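# Reading the structure
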Amino acid sequence: MNTVARLSFQEIPSIPQLVKDHLKDMSYGANSFNGTKETVSKAIHQKLTTYSEESRAVLYQVLVQQHECLDVTFSQKENLKLIAQSNTVTITTGHQLNFFTGPVFFIYKIIQILKTAKDLKAQYPEYNFVPIFWMATEDHDFEEIQHFKTENNQYSIQAQSGGAVGRILLENVDFLHEIEKEWIGKKYGKELIDLLKTSYQKGDTLEQSTRKLVHHLFKDFGLLLLDGDNPLLKKSMIPYFENELLNHELEKLTENKRAFLKDKYGKVQVNPREINLFYLTDTRNRIVLQNGDYHVLNKNIHFTKDEILNELYNSPEKFSPNAVLRPIYQEVVLPNIMYIGGNAEVAYWLELSDYFKKIQIPFPILVPRNSMLYIAEKDLKKIHNLHCELKDFFENKNEVLSHKLLKSNPIHTLLHELEDHLQQQFEALKENAKHTEVSFGQLVEAEEVRQLKSFKKMKTRLLKAEKKKNTEWIHRFTKLWEKLHPNGQWQERQMNFSVFYSDFGQDWLKVCYEEMQINQSELVVVAYSF
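First things first, this report covers the structure right here in the doc. (Residues numbered from 1 in each chain as written. Predicted model: local features only at pLDDT ≥ 70, side-chain atom pairs only at ≥ 80, totals over all residues. Heavy atoms only, no water.)

Okay, a positive patch on the surface next. Together, Lys-457, Arg-461, Lys-464 and Lys-468 make up a region of like positive charge exposed at the surface. In this fold, Arg-461 is placed in helix H21 (residues 438–469). The exposure class of Arg-461 is exposed, given its relative accessible area of 55%. (Patch = residues over 30% accessible without salt bridge, like charges linked within 9 Å, V, L, I, M, F, W, Y side chains within 5 Å. Areas by Shrake-Rupley, 256 points an atom, 1.4 Å probe, with all protein chains shown as cover. Salt bridge = Lys/Arg side-chain N within 4 Å of Asp/Glu carboxyl O. Lys, Arg positive; Asp, Glu negative; His and termini not counted. Charge placed at Lys NZ, Arg CZ, Asp CG, Glu CD. Helix = DSSP H or I, 4+ residues; strand = E, 2+ residues; numbered from the N terminus. Buried < 20%, exposed > 50% of the residue type's maximum accessible area, 1.4 Å probe, protein only.)

Below, the structure written as structure tokens:
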């Protein structure tokens, strides 16, 4: 396997402009990872001067407890020890508890924090950098995470939705027998089957299953996993949860930034609510303020102001932040200097910079995660035979088709030349028409529009004729496009890691690690053959 292309996010049209601007350090209150020592040094200093020894002791205790059930490796033991040291910071990413990791970018996010932590240690030997995977155990959208896809199939687990997904018990593991059929005969198929069966056992929670799975894949890299659904960690959040219940500052203090982002980019990723907290029982339900009392939606549970504060002080573990409040939770309990996330995550984190400033929590360096594409050598040859380049498959499809079909067409060239000449003639005519009666000038402008419309019509008909003439080429191009964009999306958002692991095993993870560049935001294209 070898890297055959690196496409900068700046040159890929589908990457949101907000993310591109953030990478240029244009994004209004948050630093991007530009590789400069000043940025990283400042982030380290800010965090270490604001993160208390009490918080560090709690984090160490929780991490040790949460790793007791695992066969912790030497590198993980070392990182656990480092967490307790006052010169240690963390590099973090997080994700939902997708079944068997879900889409493969789940893996890429983790690899990027692992490599970043190692690289920063080499640059700043006086500090320690520990990679943390934040498990989104409190999400309640089970339907979004309960499946994964391979090239030919989709596999799902069944459970009751509505509660914190990390607490879901696996009561039926019949799905294992169906999945293993796909991997039998693959070089590393048995390893995958064993991993699936070891991770997903009847009676386990989804949190336990995901922890075992991710631990197995990355234990030798020193990765630590953190479940925020924890009473000790939630206790640290009591002042911030109280502020949210009483003052609704998250909604208020993000209003200007959201208005700015919407005006500049057309939308915002999320809109905070008046209260951005859920209440955890057997389900996870929003807390809303109605007529001075606090109600848990769809539950016969309500509190007065004094009652809900009493509940918060005595049982903080019953309160759960929503997606927009979760970044604050992470940065309060972790000595974190850098968060690596997807484009959508970057977008909603950027809404929060003013709120972070108000509560005096350092905003981390915000890094868009890198992307990867694995392509067979034979498909590379097909791209070459079509006289295309890899980057063509990450631009606007219709524009690429039109360009390829018309770029060498003499009629198309002639039409452009004549159209340009016509526009020049009309410009001269309009300039002279200014010196005569107004209606004549209007006639000239109308005639220009009519004649240019005819050129547009001819170019459209020419493209249609070329498409008809090159049906076979278009078919081959489209087939390749669909292979690189399964279900119309990037490969990494559709395919599960098992698609690659079943053929290459741990070597595939090593290639991902080696080829990932941490100082650039890019799509890395890796070719493979059997």
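Picking up after the structure, the text goes on.
Bringing the packing of helix H5 (residues 105–123) against helix H24 (residues 506–515) into the picture now. Running from N to C, H5 and H24 cross one another at 55 degrees; their axes reach a closest spacing of 9 Å. Considered as vectors, H5 and H24 are oriented oblique to each other. The two elements H5 and H24 meet at a crossing, and its hand is right-handed. Between H5 and H24, the residues in contact are Ile-107, Tyr-108, Ile-111, Leu-114, Lys-115 and Lys-118 and Trp-508, Leu-509, Cys-512, Tyr-513, Glu-514 and Glu-515, respectively. Along the lines of polarity and charge, the residues of the contact of H5 with H24 split into eight nonpolar, no polar and four charged. (Axes fitted to C-alpha atoms, helices over the stretch in contact; angles between N-to-C directions. Parallel < 35°, antiparallel > 145°, perpendicular 65-115°, else oblique. Left-handed = near helix turned anticlockwise from the far one by under 90°. Contact = heavy atoms within 4.5 Å. Nonpolar A, V, L, I, M, F, W, Y, C, P; charged D, E, K, R; others polar.)

Now for the sheet that holds strand S9 (residues 293–296). The antiparallel open sheet is built from five strands, whose spatial order is S10-S9-S8-S7-S11. Every other strand in the sheet has two partners, leaving strand S10 (301–303) and strand S11 (319–321) as the edge strands with one partner each. Shown here is a sheet whose adjacent strand axes are inclined to one another by a mean of 35 degrees, direction ignored. As defined by bridge partners, strand S7 (residues 277–280) adjoins S11 across three bridges and the pair is classed as antiparallel. Directly across from Leu-277, in S11, lies its bridge partner Pro-321. The sheet strands contacting helix H14 (residues 305–314) are S7, strand S8 (284–290), S9, S10 and S11, and the helix crosses S10 at an angle near 105 degrees. (Pairing = 2+ DSSP bridges.)

This part covers the layout of surface pockets. The volume enclosed by the second largest pocket comes to roughly 550 Å³. Taken together, 27 residues line the second largest pocket, and the ones lying closest to its centre are Glu-151, Lys-483, Val-499, Phe-500 and Tyr-528. Those elements giving two or more residues to the lining of the second largest pocket turn out to be helix H7 (175–183), strand S14 (371–376), helix H18 (377–385), helix H22 (471–484) and helix H23 (498–504). Among the residues making up the lining of the second largest pocket, the classes are represented as 12 nonpolar, six polar and nine charged. (1 Å grid on protein atoms, 1.4 Å probe; cavity = no way out; pocket = protein on both sides within 12 Å on 5 of 7 lines; lining within 4 Å. Points joined across faces, edges and corners; volume = space filled by probe spheres on them.)

Once that is clear, we can look at empty space enclosed by the protein. Evaluated as defined, the whole model comprises four cavities of 30 Å³ or more. Empty space within the largest cavity amounts to approximately 70 Å³. Around the largest cavity, the lining residues are Trp-134, Met-135, Ala-136, Thr-137, Glu-138, Asp-139, Gly-228, Asp-229, Pro-321, Arg-326 and Tyr-329. Elements that contribute at least two residues to the lining of the largest cavity include exactly strand S3 (128–136) and helix H15 (326–333).

Below, the discussion takes up the environment of Ile-275. If you trace the backbone, Ile-275 turns up in the loop between helix H13 (255–265) and S7. Expressed as a C-alpha distance, the spacing of Ile-275 and His-248, which sit 27 residues apart in the sequence, is 6.0 Å. Setting aside residues up to four positions removed in sequence, Ile-275 forms contacts with Glu-244, Leu-245, His-248, Ile-287, Val-288, Leu-289 and Tyr-294.

What you see with S9 is a clean split: Tyr-294 and Val-296 sit on the buried side and Asp-293 and His-295 on the side with no burial. The sheet contact formed by S8 and S9 spans four bridges and is antiparallel. Residue Leu-289 lies in a different strand from S9, and its bridge partner there is Tyr-294. Remark: two residues form the turn of the hairpin made by S8 and S9, two consecutive strands paired antiparallel; Asn-291 in that turn has positive phi of roughly 55 degrees. In the sheet, S9 pairs with S10 via three bridges, with the strands oriented antiparallel.

Mapped onto the elements, Asn-370 comes out in the loop between strand S13 (365–368) and S14. In this structure the side chain of Asn-370 is engaged in a polar contact, spanning 2.4 Å, whose partner is the backbone oxygen of Gln-517. Every residue in contact with Asn-370, bar those within four places of it in the chain, is listed here: Phe-9, Tyr-108, Gln-112, Met-516, Gln-517, Gln-520, Ser-521 and Glu-522. (Polar contact = N/O pair within 3.5 Å; in protein donor to acceptor, adjacent residues only side chain to side chain.)

Here we come to the packing of aromatic side chains. The full count for this structure, using the stated rule, is 32 aromatic pairs. Their ring planes at 35 degrees and their centres at 5.1 Å tell us that Phe-100 and Phe-497 sit as a pair that is tilted. Residue Phe-100 is found in the loop between strand S2 (88–96) and H5, and its partner Phe-497 is found in the loop between H22 and H23; the two are separated by 397 residues along the sequence. Ring pairs connect the aromatic residues Phe-99, Phe-100, Phe-148, Tyr-155, Phe-175, Trp-183, Tyr-200, Phe-497 and Tyr-501, which therefore count as one cluster. Over the aromatic face of Tyr-513 sits the side chain of Lys-115, whose NZ or CZ is 5.6 Å from the ring centroid. Over the aromatic face of Phe-278 sits the side chain of Arg-284, whose NZ or CZ is 3.9 Å from the ring centroid. (Phe/Tyr/Trp six-rings, centres within 6.5 Å; stacked < 30°, edge-to-face > 60°. Lys NZ or Arg CZ within 6 Å of the ring centre and 35° of its normal.)

Let's shift gears to the environment of Pro-103. Here Pro-103 is to be found in the loop between S2 and H5. Look at Pro-103 and you get buried, because its relative accessible area is 15%. Ignoring sequence-local partners within four residues, the contact set of Pro-103 consists of Asn-98, Glu-492, Arg-493, Gln-494 and Met-495.

Now for the sheet that holds S13. Ordered by their spatial adjacency, five strands build an open sheet running S6-S3-S2-S12-S13, and the pairing between neighbours is parallel. One side of each edge strand has no neighbouring strand; the edge strands of this open sheet are strand S6 (224–227) and S13. The sheet shows a mean angle of 30 degrees between the axes of neighbouring strands, direction not considered. When strand S12 (residues 336–341) meets S13, the two strands line up parallel, connected through four bridges. Looking at S13, one finds that Met-338 is bridged to Ile-365. Contacts from helix H9 (residues 206–218) reach S3 and S6, with the element oriented near 165 degrees to S6. Running over the sheet, helix H16 (residues 343–350) touches S2, S12 and S13 and is turned about 155 degrees from S13.

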